[in-house]
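Working through the structure, step by step
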Amino acid sequence: MNLWILIGIVIIVVGFTLKLDVLAVVLTAGIATGIAAKIDFLEILGIIGKAFVDNRLMSIFLISLPVIAVLERYGLRERSAALIEKLKNATAGRILGLYMVIRSIASALSIRIGGHVQFIRPLIYPMAEAAAKSHKEQELTEKETEELKSLSAAIENYGNFFAQNIFVGASGLLLIQTTLQENGYNVSLKQLALFSIPMGIIAIIFTLIQVYIYDKKIIAGKGGNK
């Protein structure tokens, strides 16, 4: 067995550890693996090119990055925070809980809203932070701030992960169905989607409990002493 074909894994590990350019590391690893496997160089380039074309739609989200940057540059975060500061009953937990419900419903209907870059960083987190500051009536500690950041990011993951399989045409359901069929279990997509509904509801309930506890800690001034 030619162990040199594993050189690509070594290159990726070393490159990511040294925090080198991701694209350069991956391309180098792919080319090195191809050469180690004694594949013609032009064929290697053809494989890389085909992979890029087949998966080009996955890079569409990059278009949103400059748009978000421009919006932030002209005060999107400040405006969203100022709006929340004017709402007396808004708390960080209520904002995050509401977003969890909306995100879950959107995922269940396969509506593509949400995302750490598109929603959490420029909108949801600043709004939650402003609400937390308003109820605490002082600046958040560094630990409280980091905890709120992680909670905001986690809720995006909760809403996406636990609710997406409620949609009958979700790619995750197709993968599950295929795997089950290969192991002799005939399950329809409709059945899988129905069994995913309780998990989505449970995720919302536990998230509401989590953000409620966070609110209590902030109001009590104990958020940074965890």
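Note that the structure is predicted; figures quoted are calculated from it, not measured.

**Let's talk about the overall build of the protein chain**
Looking only at helices and strands, one finds 10 helices and 0 strands in the protein chain. When the helices and strands of the protein chain are read in sequence order from the N terminus, they spell out α-α-α-α-α-α-α-α-α-α. Long-range contacts, defined as pairs at least 24 residues apart, comprise 68% of the intrachain contacts of the protein chain with a sequence gap of at least 6. Split by element, the accessible area of the protein chain, about 14,700 Å² in all, is 68% carbon and sulfur.

**Considering a nonpolar patch on the surface**
Where nonpolar side chains cluster on the molecular surface, the patch consists of Phe161, Phe162, Leu194, Ile197, Met199, Ile201, Ile202, Ile205, Phe206, Ile209, Tyr212 and Ile213 and spans about 1,200 Å² of accessible area. Listing elements by their share of the nonpolar patch, those giving two or more residues are helix H8 (142-163) and helix H10 (189-220). In terms of residue count, the dominant contributor to the nonpolar patch is H10 (10 residues). Along the chain, isoleucine 197 turns up in helix H10. Owing to a relative accessible area of 33%, isoleucine 197 belongs among the partly exposed residues under this scheme.

**Focus on the packing of helix H6 (residues 92-108) against H8**
H8 packs onto H6 with a crossing angle of 25° between their chain directions and a minimal axis gap of 7 Å. The angle between H6 and H8 falls in the class roughly parallel. Our pair here, H6 against H8, has a crossing hand that is right-handed. Taking contact as the criterion, the partners of Ala92, Leu96, Tyr99, Met100, Arg103, Ser104, Ser107 and Ala108 in H6 are, on H8, Leu148, Leu151, Ser152, Ile155, Glu156, Tyr158, Gly159, Asn160 and Ala163. Along the lines of polarity and charge, the residues of the contact of H6 with H8 split into 10 nonpolar, 5 polar and 2 charged.

**Some details on the side chain of threonine 207**
Within the element layout of this structure, threonine 207 appears in helix H10. Overall, threonine 207 belongs to the buried group, its relative accessible area being 2%. Once residues within four sequence positions are removed from consideration, threonine 207 is found in contact with Met100, Ile155 and Tyr158.

**Observations regarding the packing of aromatic side chains**
Considering all chains together, one arrives at 1 aromatic pair under this definition. Centroid distance phenylalanine 161 to phenylalanine 162: 5.1 Å. Interplanar angle 85°. Geometry classified as edge-to-face. Taking the relative accessible area as the measure of exposure, phenylalanine 162 reaches 30% and is therefore partly exposed.

**Section: the nonpolar core**
The biggest cluster of nonpolar side chains holds 18 residues, and the ones touching the most others in it are Ala92, Leu96, Ala132, Leu148, Leu151, Ile155 and Tyr214. Within the residue set of this core, elements represented by two or more residues are H6, helix H7 (116-136), H8 and H10. Counting 6 residues, the second largest nonpolar core, distinct from the first, contains Leu173, Val187, Leu189 and Leu192.

**Observations concerning the pattern of salt bridges**
The final tally for this structure, using the stated rule, is 5 salt bridges. The partner of lysine 133 in a salt bridge is glutamate 129, and the shortest N-O contact between them spans 3.9 Å. With lysine 133 and glutamate 129 both in helix H7 and 4 residues apart, the pair spans about one turn of that helix. A salt bridge links lysine 217 to glutamate 147, with the nearest nitrogen and oxygen atoms 3.0 Å apart.

**Quick notes on the UniProt feature "transmembrane region" (unreviewed entry) in the protein chain**
With numbering matched to this structure, UniProt assigns "transmembrane region" (unreviewed entry) to residues 6-36, 57-76, 158-180 and 192-214. Summarising residues 6-36: 84% helix, 0% strand, and an end-to-end C-alpha distance of 8 Å. Along residues 192-214, the helical share is 100% and the strand share 0%, with 33 Å between the first and last C-alpha atoms.

Parameters and conventions
- Residues numbered from 1 in each chain as written.
- Predicted model: local features only at pLDDT ≥ 70, side-chain atom pairs only at ≥ 80, totals over all residues.
- Heavy atoms only, no water.
- Helix = DSSP H or I, 4+ residues; strand = E, 2+ residues; numbered from the N terminus.
- Contact = heavy atoms within 4.5 Å.
- Areas by Shrake-Rupley, 256 points an atom, 1.4 Å probe, with all protein chains shown as cover.
- Patch = residues over 30% accessible without salt bridge, like charges linked within 9 Å, V, L, I, M, F, W, Y side chains within 5 Å.
- Salt bridge = Lys/Arg side-chain N within 4 Å of Asp/Glu carboxyl O.
- Buried < 20%, exposed > 50% of the residue type's maximum accessible area, 1.4 Å probe, protein only.
- Axes fitted to C-alpha atoms, helices over the stretch in contact; angles between N-to-C directions.
- Parallel < 35°, antiparallel > 145°, perpendicular 65-115°, else oblique.
- Left-handed = near helix turned anticlockwise from the far one by under 90°.
- Nonpolar A, V, L, I, M, F, W, Y, C, P; charged D, E, K, R; others polar.
- Phe/Tyr/Trp six-rings, centres within 6.5 Å; stacked < 30°, edge-to-face > 60°.
- Core = buried A, V, L, I, M, F, W, Y, C linked by side-chain atoms within 4.5 Å.
- UniProt positions renumbered as here; feature names shortened; annotations may be inferred.

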